[in-house]
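Coordinate inspection notes
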Amino acid sequence: MSHLLPLSRVARLVGQSRHTLQEMIRAGTLATFDGMVELDELLRAFPEVKWDDDAEFRRVSEIKDKAFAKRVRELALPDKDVLTARLNELGNEYAAAKALLLHYGNVMTWLDEKIDEIEEDASAETHHALHSVRAFLLRNIHEMPAAAEQAQRIIAQERILKIMSAHVTIQPSGHEFFVESNDTLLQAALRNGVSLNYGCSNGNCGDCKARLVSGSVKKVHAHDYVLKQAEKDAGVILLCAYAPVNDVVVEANVAGARDIPVQQLVAKVKSVEIFNPQMAALHILAPRSQRLRFLGGQSVQLGIDGVQGRYAIASCPCEDRHIEVQIPRNDGDAFAARLFDGLKNNDSVSVEGPYGEFVLDEDSPRPVIFLAFGAGFAPIKSLIQHAMSLEIAESMDLHWLADAAGHYQDNLCRAWTDALDNFNYAPHPHTADTAAQVQALVNDYPDLPRFDVYASGTASQLAQARAVFVNAGLHEARWFAGELAG
Ligand code: FES
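The structure presented is a predicted model; accordingly, all values stated were derived computationally and were not measured.

**Here we look at the domain arrangement of the protein chain**
- The assigned domain composition of the protein chain is domain 1 (4–68), domain 2 (72–254), domain 3 (260–355) and domain 4 (368–483).
- Inter-centroid distance (C-alpha atoms) of domain 3 to domain 4 is 23 Å.
- On the side of domain 4, 14 residues touch domain 3, which itself brings 19 residues to the contact.
- On inspection of domain 3 and its partner domain 4, the count reaches one salt bridge.
- We note a salt bridge from Glu-324 to Lys-381, for which the minimum N-O separation is 2.7 Å.

Below, the structure written as structure tokens:
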């Protein structure tokens, strides 16, 4: 009987990224069946993995957590009802396997007796053949082959993963993620950068309605919104109130930049990070009851004490209530001046947004070049973290062309390089000749038509860079630009 595992779970079991596995599939070194990997194939493709030692997997996870820096990871058990349901399911699987084993035992006893019966009147030749059959059966029953022992270890680890987390596939977009700890489907989707539709996030509005296509879910939060009987019969659930019991497929809309309404909320200052006299980051926290919906690369309008400014968001939508905005000190920017003068923790900041359509093309699996001019690093950082959480790009190359503020988050970029096997970082020094600098880096991409390019900087920097890239063969439609204000 074949034992199939989803690719994302295989990635966790072997401590590799999904990208690495996809590369192996493309190269023909890992076979899949409908996107699933057969247990025997897993053992064949990863003979060197120590299945009873998950140290490597934990090491990679820790590095990734550091690279994401502010990603919230609660090491909590699933909701108790979900846990009970998962353990029940596991108990049923165990009972079915045990019953099957008893049945096979009975068949073996019957076979043994039958052999005895036949042997009584058998010729010497038949006697010898039956003896060989019996010896073969006994040997194979008592000696478990090495591959079966390994399979047992993988299944044991997979079962633990299944108790702690459930795998979710969103249709028709094909997004995949795991629901861990006591997250709802909505919380897990947002944590993984999947921008599903929602409104109140607490069971009142019905905006997070989706249809369960397969698998089972449990209600983990009460909701005031009433689902009609016809909706329930059709498998409609509220993503903000349900958690998966097992691996599920859900039909739900993934929002694009134009689908997300402009929201207004009041956030609190969490901290101010002064990188250098030219550049600072403002970290704010949205209220629990009203998170900001946005996509990586978008901007917000901030206001405090009557001064306002519009800035690119530098954090990932996967970071729950935390929003980071990077703000350069510019003459005439009263909000920036207020920030550099010092904001206190817990000061109130009005937030309006999101604005802009400089967002990832989530349908594109192409390799990506990120081009950040100076403070254009902020939206690029947001896009990179969003792309990491979605694991969509084949590879990511970041080119940061510094201005006077320098590479103020150089360490972070180097941490990404250490943590991810498909990420490369190239810092470029401050220069007045943008076109020459861009031309020099483009020369390293003879296969430019394969790439998507996301660039952020001033209008003139973007115009010069675009001309160089398109001249060198980039498809015009694969150039995505986010112009900095000011
Ligand atoms: S988001 Fe409002 S009911 Fe789920």
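Structure shown, so let's carry the discussion forward.
**Remarks on empty space enclosed by the protein**
- Inspection of the entire model under this criterion finds two cavities of 30 Å³ or more.
- In terms of lining, the largest cavity is formed by Arg-86, Glu-89, Leu-90, Glu-93, Arg-159, Lys-162, Ile-163, Ser-165, Ala-166, Val-245, Asn-246 and Asp-247.
- When residues of the lining of the largest cavity are assigned to their parent elements, the largest contribution, four residues, is made by helix 5 (residues 80–120).
- Class assignment for the residues of the lining of the largest cavity results in four nonpolar, two polar and six charged.
- Volume-wise, the second largest cavity comes out at about 40 Å³.
- Taken together, the residues that form the lining of the second largest cavity break down as six nonpolar, one polar and two charged.

**Some thoughts on the packing of aromatic side chains**
- A complete count under the given rule lists twelve aromatic pairs for this structure.
- Relative to Phe-423, the ring of Trp-416 lies with its centre 5.5 Å away and its plane at 75°, an arrangement referred to as edge-to-face. Each of the two residues, Trp-416 as well as Phe-423, counts as buried.
- An aromatic cluster is built from Phe-275, Phe-377, Trp-400, Tyr-408, Trp-416 and Phe-423, whose rings are joined through pairwise contacts.
- Sitting over the face of the ring of Phe-178, Arg-12 holds its NZ or CZ atom 4.0 Å from the ring centroid.

**Section: the packing of helix 5 against helix 6 (residues 124–142)**
- Their axes nearest at 10 Å, the elements helix 5 and helix 6 cross at an angle of 160°. On the basis of their axis angle, the class for helix 5 and helix 6 is roughly antiparallel. For the element pair helix 5 and helix 6, the recorded crossing hand is left-handed. Between helix 5 and helix 6, the contacting residues are Met-108, Leu-111, Asp-112, Ile-115, Asp-116, Ile-118 and Glu-119 on the first element and His-127, Leu-130, His-131, Val-133, Arg-134, Leu-137 and Ile-141 on the second.
- Of the residues contributing to the contact of helix 5 with helix 6, the split by class is eight nonpolar, two polar and four charged.

**Observations concerning the sheet that holds strand 15 (residues 348–355)**
- Across the sheet, which stays open at both edges, the six strands sit in the order 13-12-15-10-11-14 with antiparallel pairing between neighbours. A strand with exactly one partner marks an edge of an open sheet, and here the two such strands are strand 13 (307–312) and strand 14 (322–328). Neighbour-to-neighbour, the strand axes of the sheet open up by a mean angle of 35°, direction not taken into account.
- Across seven bridges, the pairing between strand 11 (residues 279–285) and strand 14 is antiparallel. Pairing of Leu-282 across the sheet is with Val-325, part of strand 14.
- The strands touched by helix 10 (residues 334–341) are strand 10 (263–276), strand 11, strand 12 (299–304), strand 13, strand 14 and strand 15; relative to strand 13, the strand with the most contacts, the crossing angle is about 90°.
- Together, strand 13 and strand 14 form the strand contacts of helix 11 (residues 377–390), whose direction differs from that of strand 14 by roughly 155°.

**Re the pattern of salt bridges**
- In the structure shown here, the tally under the stated rule is 23 salt bridges.
- Arg-26 is the salt-bridge partner of Glu-23, the closest N and O atoms lying 3.0 Å from each other. With Glu-23 and Arg-26 both in helix 2 (residues 18–27) and three residues apart, this pair spans about one turn of that helix.
- Here the salt bridges share partners, and the residues they tie into one network are Asp-112, Asp-116, Glu-119 and Arg-134.

**Some words on the pairing of strand 18 (residues 423–428)**
- By the bridge criterion, six bridges tie strand 17 (residues 396–401) to strand 18 in an arrangement that is parallel. When the bridges of strand 18 are listed, His-399 appears paired with Ala-426.
- Read from strand 17 through helix 12 (residues 410–419) to strand 18, the crossover connection turns out right-handed.

**A word on helix 10**
- Along helix 10, the residues classified as buried are Phe-335, Ala-336, Leu-339 and Phe-340. Mapping the buried residues of helix 10 onto a view down its axis gives an arc of 130°, with all of them on the same face.
- Close packing links the buried residues of helix 10 with strand 10, strand 11, strand 12, strand 13, strand 14 and strand 15.
- Taken from the residues just after helix 10, Gly-342 is the one with a positive phi, measuring 120°.

**What to know about the side chain of Gln-263**
- Residue placement: Gln-263 occurs in strand 10.
- Judged by its relative accessible area of 12%, Gln-263 falls in the buried class.
- From its side chain, Gln-263 meets the backbone nitrogen of Arg-293 in a polar contact 2.7 Å long.
- Here Gln-263 is in contact with Arg-291, Leu-292, Arg-293, Val-351, Glu-352, Gly-353 and Pro-354, once residues within four sequence places are set aside.

Parameters and conventions
- Within every chain, residues take consecutive numbers counted from 1 along the sequence as written.
- Since the coordinates come from a predicted model, pLDDT governs what is reported: local features require at least 70, and pairs of side-chain atoms require 80 or more to be given and counted, while whole-chain, interface and lining totals use all residues.
- Note that the side-chain values use all heavy atoms of the structure and ignore hydrogens as well as water.
- Boundaries of every domain are those given by an automatic assignment or by a domain database.
- Any two residues whose heavy atoms approach within 4.5 Å are treated as being in contact.
- Salt bridge, as used here, is a side-chain nitrogen of Lys or Arg placed within 4 Å of a carboxyl oxygen of Asp or Glu.
- With a 1 Å grid spanning the protein atoms alone, the term cavity applies to any set of points in which a 1.4 Å probe fits but cannot get out, the term pocket to an open set with protein on both sides within 12 Å along at least five of seven lines, and the term lining residue to any residue with an atom within 4 Å of a point.
- Grid points are joined across faces, edges and corners, and a volume is the space filled by probe spheres set on the points.
- By definition, any uninterrupted DSSP run of H or I lasting at least four residues is a helix, any uninterrupted run of E lasting at least two residues is a strand, and each is numbered from the N terminus.
- In this classification, the charged set is Asp, Glu, Lys and Arg, the nonpolar set is Ala, Val, Leu, Ile, Met, Phe, Trp, Tyr, Cys and Pro, and all remaining amino acids, among them Gly, are polar.
- Centres within 6.5 Å are what make two rings of Phe, Tyr or Trp a pair, Trp counting through its six-membered ring; a difference in plane orientation under 30 degrees is then read as stacked, over 60 as edge-to-face, and the rest as tilted.
- Only protein chains enter the accessibility calculation, which uses a 1.4 Å probe; a residue is then buried when its area is under 20% of its type maximum, exposed when over 50%, and partly exposed in between.
- Counted as over-ring charges are cases with an Arg CZ or a Lys NZ within 6 Å of the ring centre that also lie within 35 degrees of the ring normal.
- Angles shown run from 0 to 180 degrees and are taken between the N-to-C directions of axes, each axis being a line fitted to C-alpha atoms and, for helices, limited to the stretch in contact.
- Between 65 and 115 degrees an angle is taken as roughly perpendicular, under 35 as roughly parallel, over 145 as roughly antiparallel, and anywhere else as oblique.
- Crossing handedness: left-handed means the near helix sits turned counterclockwise from the far one by under a right angle, and right-handed means the same turn made clockwise.
- A pair of strands is treated as paired once DSSP finds two or more bridges between them.
- By convention, orient the strands away from the viewer: a clockwise path from the first strand over the helix to the second makes the crossover right-handed.
- The arc in question is the one traced by the directions running from the helix axis out to the C-beta atoms.
- Counting of polar contacts relies on pairs of N or O atoms within 3.5 Å, with two restrictions inside protein: one atom must be capable of donating a hydrogen and the other of accepting it, and residues adjacent in sequence are counted only when both atoms are side-chain atoms.

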